[in-house]
Every structure is written in C-alpha cells, then in structure tokens.
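Examination of the molecular architecture
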Amino acid sequence: MDLFIRDNLMLAMLLLLSLAMLVAAFMAIYSKRSLPIAMLAAGLVSLLASVQFLLLGAPDVAMTEAAIGSGLTTFLFFFILGRVRGGANRD
Amino acid sequence: MIKRFLVLLLVLSMGVMFSQLLVGYSPDRQLNATAHYYATQTASETGAANIVSAIIVTYRGLDTLGEVTVLFLAAAIVGMVLSAKQGGQSPTSASEAERQLPPYPPVGELLATGTQLLVPLILMFGAYVIVNGHLTPGGGFQGGAILASGMLLLLLSDPLRTIGHRLISVVESFSGLAFVLLGILGLLLAGGFLDNKILPLGTFGSLFSAGAIPVIYIFIGLKVGAEFSSMLLNLAKTEER
C-alpha cells in the first residue's frame, strides 16, 4: 500500500513536470516579441527535463542536461544576443 | 483551409500514436539481459562504483571516442566558418575597423566581482566531477561542460581578455591523442581497445581505483572542456574584428 502511494506520487510529480515542460516549450515558441524570454523558456525546458531525469533515476544524464542544455546553451544564446545587439548599435 | 486541415490531421494522428504507446506501457519488472549483465558484473570486472561510467568509458568506449570526435568536428567547423568570414577582409582594414569601434561598455560590478569569486569554484567543481567520474554520477562530459561554463563566465566579464587560444588547442589535441593512445595500450596490454585493466583495479570505491577509467575520463574532460572553450572563444573573437 505504501509502495502504491509512493509510486502514484512519483507519477503525479512526473506528469506535473511534463506539463510544466510543455508550458515552457510553448512559451519558448510563442514569445516572438521578446527573444530573451524565449531563450529563458528554452533553458527552463532543459532544467525541468534534468529534474525529470533525476526523478527517473538517471543522475548522469541529469547532470549533462543541466550543465549543457540549461547552463551552457542558455548563456551562449545570451552571449551571442549581446554581441549581435552590440554590433547592431555600433553600425 | 486545406493546409490547416492537414496540420490538424497530422496532430491528431501523432496523438493517436503516442496514446497507443501510453496505453500499451507497462513498467519492466526486471532488467533485460544486457542490463542485468552490466548491473551484476561491472563492479567485479572494472572496479568502478558508478556503472554508467564503466559503460561509457570501458564497455562502450568506442562510442565515446565517436562522440568526442563529433564534438571536435563541430568545434572545428565553427572555427572554419568564422575564420572564413574574417578572411574576406584584409587584415589592415580589419584592424582599422577595430580601432574605430568604441570600447565595450564596462561590465557591472556584480558580474566582475562574481566572476572573481565564482570562476575558481566552478573550475574546482568541474575538476571534482571529472576526477570522481568512476565513483559518483558525472564524469568527463559533465565536468568538461562545467569547465567550459567557467570559461564562458570569464569571457562575459572581460570580453577583451585573450585566454590563450593556442594553449587551449594544444590541450585539446594532446588529450585527444592521449585518449586514443590509452585505447591502443589497452589493445596491447589488456583485453581490447580502451580496456581499463592496463592499470591495477585497486580497492573498490576509492579514488585511485577502476584501472584506467579515471585517467581516460580526465582526458575526455579536458578535451570536452577545451572544445567548448575554443568554440566560445571563436565566437567571441569574430565580433571583436
């Protein structure tokens, strides 16, 4: 019985995470006006995915996703965005 | 109208497909044959406490070599495309353009101080993740990405700083070469390509154990970190010209 409750709680958490990921992905696609918000939402998708990997018992994959998907890629996007805007202002 | 209908049809059929998957899903009650072998034999065969690391570095070491090669190709192509763009203009005009550009706006105090505080910690954490790859979750790829994010923070805080690009490419080439050489050494001294038993297995769970896995992981970490860093440096350099 205890195991049953724990399993269902886990399932509910995973489903909730998936829903949050969907919302974040939707934000990433539909925030056409603001590029930074789209980038942050894309990073959020990766962050939630890494939490989900952790809950599913794959800490190695979770670390990779957090370091590359949510960390490095998001900051790289912002880095490039800053450079592109700086270049546009200078012209 | 037709287009919208087609899109709707596509979405509906995808939904049917995925719902079939979901309905037919039943969680596995036991491991399949390969996973069972890994789960029971890894500790005695490779001496690594982290089974995932043992699979990545030893059992599927050739795949890892391929992954690192793909990453190297990506970094090389980024460098090639960006340098081709720079090659269009003659060097004198490039330096003139550089002189005319106003300097970068000064970075905020928060970023500058935070970088000084955080970069050593980030680099240390990356080294920790790499070195403990055979004991705890993590390893070369993760640690390399963490090292590269420390490098990114350095670049953000001081865009004009030139972090030895030459040194980074030397580190990258050297660690790639060492990775392959260790693999060939495994072929000569032990059971096969990238076999970890060229070094003694040591006591299970201690830092110096699991044969050559930590050594190989250090080279993978250095290579991944250097590849990401050289990509970032290339991107940072182009805009300065």
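Every chain begins its residue count from 1, and numbering advances along the sequence as written. Chain labels run from A onward and ligand labels from 1 onward, assigned in the order the entries are written. This being a predicted model, a pLDDT of at least 70 is required before a residue's local features are given, and a value of 80 or more before pairs of side-chain atoms are given or counted; all residues contribute to the totals for chains, interfaces and linings.

Topic: the overall build of chain B
Worth spelling out the cut-off: Secondary structure elements follow DSSP: runs of H or I no shorter than four residues count as helices, runs of E no shorter than two count as strands, and numbering proceeds from the N terminus. Partly exposed residues are those falling between the two cut-offs: more than 12 but fewer than 20 other C-beta atoms within 10 Å of their own, whereas 20 or more means buried and 12 or fewer means exposed, with C-beta atoms placed from the backbone.
Helix and strand counts for chain B come out as nine helices and zero strands. Relative to its full complement of 241 residues, chain B shows a buried share of 31%.

Points about the overall build of chain A
How we decide: Residue pairs qualify as contacts under a 7 Å threshold applied to their C-beta atoms, which are placed from the backbone.
On a plain count of helices and strands, chain A comes out with three helices and zero strands. Along the chain direction, N to C, the helices and strands of chain A fall in the order α-α-α. A separation threshold of at least 6 residues defines the contact pool for chain A, and within that pool the share at least 24 residues apart is 43%.

Digging into helix H2 (residues 35–55) of chain A
All names here are of chain A. Worth spelling out the cut-off: To estimate how far a helix should reach, multiply one less than its number of residues by 1.5 Å.
Its 21 residues place the ends of H2 31 Å apart at the C-alpha level, agreeing with the 30 Å of an ideal helix rising 1.5 Å per residue. Along H2, the residues that are buried comprise Met39, Ala41, Ala42, Gly43, Val45, Ser46, Leu48, Ala49 and Ser50. One or two steps after H2, the chain reaches Gly57, where phi turns positive at roughly 85°.

Details of the packing of helix H6 (residues 109–131) of chain B against helix H7 (residues 140–157) of chain B
Residue and element names in this part refer to chain B. Note the cut-off: Under this scheme, a helix contributes an axis fitted over its contacting stretch, all axes are lines through C-alpha atoms, and angles between N-to-C directions fall in the 0 to 180 degree range. Oblique is the label for any angle not covered by the other classes, which are roughly parallel (under 35 degrees), roughly antiparallel (over 145) and roughly perpendicular (65 to 115). What makes a crossing left-handed is the near helix being turned counterclockwise from the far one by less than a right angle; a clockwise turn instead makes it right-handed. Residues are grouped as follows: Ala, Val, Leu, Ile, Met, Phe, Trp, Tyr, Cys and Pro are nonpolar; Asp, Glu, Lys and Arg are charged; all remaining types, including Gly, are polar.
Interaxial distance between H6 and H7 falls to 8 Å at its minimum, and their mutual angle equals 165°. As summarised for this structure, H6 and H7 are arranged roughly antiparallel, according to the angle between their axes. In the packing of H6 onto H7, the handedness of the crossing is left-handed. In this structure, H6 contributes Leu111, Ala112, Thr115, Leu118, Val119, Ile122, Leu123, Phe125, Gly126, Ala127, Val129 and Ile130 to the contact, and H7 contributes Gly140, Gln142, Gly143, Ile146, Leu147, Ser149, Gly150, Leu153, Leu154, Leu156 and Ser157. Partitioning the contact of H6 with H7 into residue classes produces 15 nonpolar, eight polar and no charged.

Quick word on the nonpolar core
Inclusion rule: Each nonpolar core comprises buried Ala, Val, Leu, Ile, Met, Phe, Trp, Tyr and Cys residues, the members being joined through C-beta atoms within 7 Å.
Judged by nonpolar contacts, the single largest core of 43 residues is most densely connected at Ala145, Ala148, Ile213, Ile216, Ile220 and Leu232 of chain B. Put simply, the parts of the chain that give this core at least two residues each are helix H3 (59–90) of chain A together with helix H3 (51–59), helix H4 (61–87), H6, H7, helix H8 (165–189) and helix H9 (213–240) of chain B. The element best represented in this core is H9 of chain B, accounting for 14 residues. If near-sequence neighbours (up to four positions away) are discounted, Ala145 of chain B is found in contact with Ala67, Ile68 and Leu72 of chain A together with Val224 and Phe228 of chain B. Residues Ala24, Met39, Ala41 and Ala42 of chain A belong to the second largest nonpolar core, which totals seven residues.

With respect to the packing of helix H2 (residues 33–46) of chain B against H3 of chain B
All names here are of chain B. Closest axis-to-axis distance for the H2/H3 pair is 10 Å, and the angle between their directions is 70°. In terms of axis orientation, H2 runs roughly perpendicular to H3. Note on element contacts: H3 touches H2 through Ile51, Ala54, Ile55 and Thr58, opposite Tyr38, Ala39, Thr42 and Thr46.

Quick word on the confidence of the model for chain A
Where we set the bar: pLDDT is a residue-level measure of predictor confidence that goes from 0 to 100.
When pLDDT is averaged along chain A, the result is 79; 87% of the residues meet or exceed 70. When mean pLDDT is compared element by element in chain A, H2 of chain A scores highest at 86, while H3 of chain A scores lowest at 78.

A short note on H2 of chain B
Between its first and last C-alpha, H2 of chain B extends 19 Å over 14 residues, near the 20 Å set by a 1.5 Å rise per residue. One or two steps after H2 of chain B, the chain reaches Gly47 of chain B, where phi turns positive at roughly 75°.

Description of the environment of Gln142 of chain B
Mapping Gln142 of chain B onto the fold places it in helix H7. For Gln142 of chain B, a count of 26 C-beta atoms within 10 Å translates into the label buried. When the C-alpha positions of Gln142 of chain B and Gly225 of chain B are compared, they lie 9.1 Å apart, and in sequence the two are 83 residues distant. With near-sequence residues (within four places) excluded, Gln142 of chain B lies in contact with Met63, Thr64 and Ala67 of chain A together with Val129 of chain B.

Considering the confidence of the model for chain B
For any part of a model where pLDDT is low, the fine detail of the predicted coordinates should not be relied upon. Residue and element names in this part refer to chain B. Mean pLDDT over chain B: 79, with 87% of residues reaching 70 or higher. For chain B, the element scoring lowest by mean pLDDT is helix H5 (residues 91–100), at 48; helix H1 (residues 2–23) scores highest, at 89. Within the model, pLDDT remains below 50 along residues 88–94, and this stretch shows two contacts once partners closer than five positions in the same chain are excluded. Among the prediction metrics, the complex's ipTM stands at 0.71, with pTM recorded as 0.75.

Focus: the environment of Thr203 of chain B
By secondary structure assignment, the location of Thr203 of chain B is in the loop between H8 and H9. With 93 residues separating them in the primary sequence, Thr203 of chain B and Leu110 of chain B have C-alpha atoms 46 Å apart.

A few points about the environment of Thr42 of chain B
Residues and elements named next belong to chain B. Its location among the elements puts Thr42 in helix H2. With 21 C-beta atoms packed within 10 Å, Thr42 lands in the buried category. For the pair Thr42 and Ala54, spaced twelve residues apart in sequence, the C-alpha to C-alpha distance is 7.0 Å.

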